[in-house]
Amino acid sequence: MKKYLVAYSIALQETLQRRSTLLMDRLGGFAIVVSLYSFWNALLGDKPSFLGYTRSEMLTYVLLINVLRSFVFTGRGWQLVGEISSGRISSYLVRPISYHGYSLALDMAQKTVHAVSAFLEVALLAWLISGGIFLPRDPATWALFAAAAVLSSLVFFFLEMLVSSLAFWTSESGGPLFCFELFLQFAAGAFFPLDVLPEGIQRLLSATPFPYMVFFPARIFLDKVPHPEALRLLAVELAWLAAVVFAALGLWRQGVQSYAAEGG
Amino acid sequence: MAPAIETKGLTKDYRSPVKEPGLWGGIRSLVNRRYKDIRAVNDVSLRIEEGELVGFLGANGAGKTTTLKMLSGLLTPTAGEALALGHVPWRREAAFQKKLSLVMGQRSQLWWELPAYETFRLNQAIYGIAEADFKMHLDELVDLLDLGEHLSVPVKKLSLGERMRAELAAALLHGPRLLLLDEPTIGLDVVMQKKVREFVKAYNQRHGATIMLTSHNMTDVVALCKRVIVIERGRILYDGALDRLVESYADHKILRVRFSTPVTASDLRTLGSVVHCEGESATLEVPRANVSASAAALLRSYPVADLNVEEVAIDDIVRRLFSHS
Ligand SMILES: Nc1ncnc2c1ncn2[C@@H]1O[C@H](COP(=O)(O)OP(=O)(O)OP(=O)(O)O)[C@@H](O)[C@H]1O
Ligand SMILES: [Mg+2]
């Protein structure tokens with residue numbers, strides 16, 4: 001266990017060391033928030049609500065996206081693809097360490113830094129638009145939201161590991177990962193709340209793990225989900241997590257075997 | 001005593017997809033991929049005792065790296081068996097990995113943005129090295145490798161030679177019993193090469209670790225290895241004392257001379273066979289037994305500015321060995 005803590009602390013140092021990369025990342029995320037914000041603001045116009053979202057709920061949703069994006073969507077997929085295709089993966093395979101545990105520790109470090117800065121950004125924005133955002137009163141809502149966010153970030157991490165492991169077989173696995181990330185952001189609700197979509201598509205999406213990653217946590221935060229229902233959502237997400245972990249580790253084992261057989 | 005490494009009939013085929021030319025070929029190969037097998041290592045049986053320092057030689061593509069990858073557990077062989085420190089390497093058991101280190105000259109395990117010391121700390125945790133052992137090993141490595149002030153500088157700011165030495169330290173902190181070095185001196189200048197060599201030798205003597213090393217640099221091999229294994233197209237061609245290999249196959253040495261005034265090739269013919277002669281510099285091949293006589297004659301009869309006696313390049317010896325068999 002200690003090795004993963006040390007990996008976490010080293011990665012934390014490294015993330016802070018690369019200030020310019022961090023700054024660019026943050027600016028990119030911020031730009032998305034600002035454009036989403038202006039977009040919804042324009043759509044809302046003078047109307048008090050739109051598609052079931054009041055102005056303050058919609059603004060809160062947009063800001064939540066910024067926080068969740070930072071906390072959930074920071075996987076290690078691209079690193080894994082790079083390490084497989086460059087052969088650097090070897091240096092982990094000869095050391096007594098679990099690649100997933102190690103990567104997760106590094107990811108946690110990224111998440112820590114990004115979540116903290118996202119929180120500060122949102123606080124700044126909320127202050128700028130003075131009081132227009134929705135904050136839940138019930139501490140239980142906060143707790144449920146936090147639990148959902150943590151589960152989502154784990155689901156995302158292992159999904160990325162799953163998709164990136166394809167790099168063991170093809171040299172073009174950057175493509176699948178890119179498509180996957182784009183589709184995922186849409187399907188998770190990271191561009192807009194999913195309930196603005198037609199009923200049929202919504203039903204289809206809710207059979208996947210994606211809405212559990214941004215949309216449901218955000219709805220929990222907005223107090224649009226009764227708590228028993230929120231608990232049920234968490235249970236389903238936990239099941240998804242188990243399935244994704246199982247699949248990711250299974251594919252990984254296959255991948256390492258084929259790497260060892262074919263000599264990456 | 002059980003050997004450190006023992007292999008029987010170790011064989012590795014690489015299977016790579018045949019790329020068909022053109023767009024149509026590309027589409028066809030997506031549907032019906034054809035493969036070509038390349039036998040990189042062919043029926044290699046060897047036995048290395050604990051504490052030996054063995055040089056592993058061969059031309060480019062001979063199968064050296066592939067063999068080291070199998071012995072470190074990165075590759076599973078197509079056929080054959082191997083035991084390293086009593087383990088089957090490709091099972092990748094933690095107990096084995098804690099006693100092993102694989103260093104590839106062109107690869108780095110150091111964290112680029114941070115001082116090497118941070119990677120050392122990480123490896124301490126990964127290998128579960130007790131604090132006292134860590135301090136002791138680190139002190140020794142810093143001393144032997146002359147690392148001192150380089151440990152607190154971000155790795156990306158180190159020179160290649162400094163980084164390579166930090167790399168070695170990172171790989172040895174856990175005191176591996178088996179060390180596989182793939183071209184540890186590649187890209188280093190002569191002074192750095194020497195430093196790394198001396199280090200490897202000292203490490204082997206102090207700790208009795210078994211070391212297997214590949215290099216295209218004959219000086220490395222001569223300075224370090226009593227025993228060499230030569231591999232050619234995946235097969236073992238020679239396994240035995242280095243002395244015997246060099247004496248029987250490199251029957252001459254190279255004299256590299258720089259004169260202070262130009263000399264013509266015909267003047268030098270009596271001293272050895274002239275490989276190259278242009279203006280003020282010349283290269284001669286001289287039979288081993290005549291080296292000192294020829295050198296003395298050169299110094300006596302010509303205005304010599306600089307004179308070097310070198311071993312024949314290992315690749316030449318290997319090529320000669322190949323044509324002998
Ligand atoms: N991943 C791979 N896929 C297919 N063929 C490979 C792969 N790796 C190596 N080979 C082939 O296997 C043979 C042996 O390669 P290997 O890397 O073991 O040689 P080497 O002795 O280390 O050579 P060098 O001195 O150039 O490092 C070569 O013909 C090489 O082209
Ligand atoms: Mg090689």
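A brief look at the structure comes next. (Residues numbered from 1 in each chain as written. Chains lettered and ligands numbered in written order. Predicted model: local features only at pLDDT ≥ 70, side-chain atom pairs only at ≥ 80, totals over all residues. Heavy atoms only, no water.)

**As for the overall build of chain A**
Right, so step 1: In terms of regular secondary structure, chain A is built from eleven helices and two strands.
Right, so step 2: In sequence order, the secondary structure elements of chain A are arranged as α-α-β-β-α-α-α-α-α-α-α-α-α.
Right, so step 3: Relative to the globule expectation of 18 Å for 264 residues, the C-alpha radius of gyration of chain A, 19 Å, shows essentially globular dimensions.
Right, so step 4: Dimensions of chain A along its principal axes, counting C-alpha atoms only, are 65 × 40 × 35 Å.
Right, so step 5: Out of the 264 residues belonging to chain A, those deemed buried represent 50%. (Helix = DSSP H or I, 4+ residues; strand = E, 2+ residues; numbered from the N terminus. Rg over C-alpha atoms; globule rule 2.2 N^0.38 Å. Buried < 20%, exposed > 50% of the residue type's maximum accessible area, 1.4 Å probe, protein only.)

**Here's the deal with the layout of surface pockets**
Right, so step 1: In this structure, the second largest pocket encloses a volume near 590 Å³.
Right, so step 2: Lining the second largest pocket are 23 residues, with A:Glu14, A:Arg18, A:Arg76, A:Gln79 and B:Trp111 sitting closest to its centre.
Right, so step 3: Counting only elements with at least two residues in the lining of the second largest pocket, the list comes to α1 (2-17), α2 (19-44), α4 (77-86) and α6 (99-128) of chain A.
Right, so step 4: Among the residues forming the lining of the second largest pocket, the class breakdown is eight nonpolar, seven polar and eight charged. (1 Å grid on protein atoms, 1.4 Å probe; cavity = no way out; pocket = protein on both sides within 12 Å on 5 of 7 lines; lining within 4 Å. Points joined across faces, edges and corners; volume = space filled by probe spheres on them. Nonpolar A, V, L, I, M, F, W, Y, C, P; charged D, E, K, R; others polar.)

**Here we look at the nonpolar core**
Right, so step 1: Core analysis: the largest hydrophobic core is formed by 163 residues, its most contacted members being A:Phe73, A:Ile89, A:Tyr102, A:Met213, B:Phe120, B:Met212 and B:Leu245.
Right, so step 2: Among the elements that take part in this core, helix α7 (residues 139-164) of chain A stands out by supplying 13 residues, more than any other.
Right, so step 3: Here this core spans two domains, since at least three of its residues come from each of domain 1 (5-246) and domain 2 (251-324) of chain B.
Right, so step 4: Sequence-distant contacts of A:Phe73, defined by excluding residues within four places in its chain, comprise A:Leu68, A:Phe156, A:Leu184, A:Gln185, A:Ala188, A:Ala190, A:Met213 and A:Val214.
Right, so step 5: In terms of nonpolar packing, the next biggest core, distinct from the first, is built from 13 residues, B:Leu255, B:Leu271, B:Ala297 and B:Tyr302 among them. (Core = buried A, V, L, I, M, F, W, Y, C linked by side-chain atoms within 4.5 Å. Domains from an automatic or database assignment. Contact = heavy atoms within 4.5 Å.)

**A word on the interface of chain B and chain A**
Many descriptions give the size of an interface as the accessible area lost when the pieces come together.
Right, so step 1: At the junction of the two partners, chain B supplies 28 residues and chain A supplies 28 residues.
Right, so step 2: Roughly 2600 Å² is buried in total at the junction of chain B and chain A, and carbon and sulfur atoms are behind 60% of that figure.
Right, so step 3: A per-residue breakdown of the area chain B buries against chain A is headed by B:Leu74, B:Trp111 and B:Ile126, which together make up 24% of the total.
Right, so step 4: Where chain B packs against chain A, one counts zero salt bridges.
Right, so step 5: Joining chain B to chain A, the criterion identifies eight residue pairs in polar contact (both at pLDDT 80 or more).
Right, so step 6: Those elements giving two or more residues to the side of chain B that touches chain A turn out to be β1 (5-17), α3 (94-97) and α4 (116-127) of chain B.
Right, so step 7: In terms of residue count, α4(B) provides more of the side of chain B that touches chain A than any other element does, eight residues in total. (Buried area = accessible area lost by both parts, 1.4 Å probe. Salt bridge = Lys/Arg side-chain N within 4 Å of Asp/Glu carboxyl O. Polar contact = N/O pair within 3.5 Å; in protein donor to acceptor, adjacent residues only side chain to side chain.)

**Description of empty space enclosed by the protein**
Right, so step 1: This structure, assessed with the given rule, holds two cavities of 30 Å³ or more.
Right, so step 2: Its boundaries defined by the atoms lining it, the largest cavity holds a volume of some 250 Å³.
Right, so step 3: What lines the largest cavity is a set of 20 residues, and nearest its centre among them are A:Ser91, A:Val94, B:Leu102, B:Val103 and B:Gln109.
Right, so step 4: Among the elements of the structure, α5 (90-93) of chain A together with β5 (100-104), α4 and α6 (160-172) of chain B are those that each provide at least two residues to the lining of the largest cavity.
Right, so step 5: Looking at which element gives the most residues to the lining of the largest cavity, the answer is β5(B), with five residues.
Right, so step 6: Among the residues making up the lining of the largest cavity, the classes are represented as eight nonpolar, eight polar and four charged.

**Some remarks on the packing of α1(A) against α4(B)**
Right, so step 1: One way to put it is that α1(A) packs onto α4(B) with a least axis distance of 8 Å and a crossing angle of 165°. One finds that α1(A) runs roughly antiparallel with respect to α4(B). Taken as a pair, α1(A) and α4(B) cross one another with a handedness that is left-handed. Note on element contacts: α4(B) touches α1(A) through B:Glu118, B:Thr119, B:Arg121, B:Leu122, B:Ala125 and B:Ile126, opposite A:Lys2, A:Lys3, A:Val6, A:Ala7, A:Ile10 and A:Gln13.
Right, so step 2: Among the residues forming the contact of α1(A) with α4(B), the class breakdown is six nonpolar, two polar and four charged. (Axes fitted to C-alpha atoms, helices over the stretch in contact; angles between N-to-C directions. Parallel < 35°, antiparallel > 145°, perpendicular 65-115°, else oblique. Left-handed = near helix turned anticlockwise from the far one by under 90°.)

**Description of unusual backbone geometry**
Right, so step 1: Of note in this structure, A:Asp223 is not a glycine but carries a positive phi near 60°.
Right, so step 2: With respect to the secondary-structure elements, A:Asp223 resides in the loop between α10 (215-221) and α11 (227-262).
Right, so step 3: A:Asp223 gets classed as partly exposed once you look at its relative accessible area, which sits at 38%.
Right, so step 4: If you check the backbone angles, B:Arg233 has positive phi at about 45° while not being a glycine.
Right, so step 5: Among the structural elements, B:Arg233 can be located in the loop between β8 (227-232) and β9 (235-241).

**Topic: the sheet that holds strand β4 (residues 79-84) of chain B**
Residues and elements named next belong to chain B.
Right, so step 1: Across the sheet, which stays open at both edges, the three strands sit in the order β2-β1-β4 with antiparallel pairing between neighbours. The open sheet has two edge strands, β2 (35-48) and β4, and neither has a second partner. Direction aside, the axes of adjacent strands within the sheet are offset by 30° on average.
Right, so step 2: Judged from the ten bridges that link them, β1 and β2 form a sheet pairing that is antiparallel. Considered in β2, the bridge of aspartate 13 is made with arginine 39.
Right, so step 3: Against the sheet, helix α2 (residues 64-72) makes contact with β1, β2 and β4, and its axis sits at roughly 115° relative to β1, the strand it touches most. (Pairing = 2+ DSSP bridges.)

**Here we look at α6(A)**
Right, so step 1: Taking 1.5 Å as the rise per residue, α6(A) with 30 residues should run 44 Å; its terminal C-alpha atoms sit 43 Å apart, in good agreement.
Right, so step 2: Once α6(A) ends, the next one or two residues include A:Ser130, with phi positive near 30°. (Expected span 1.5 Å × (residues − 1).)

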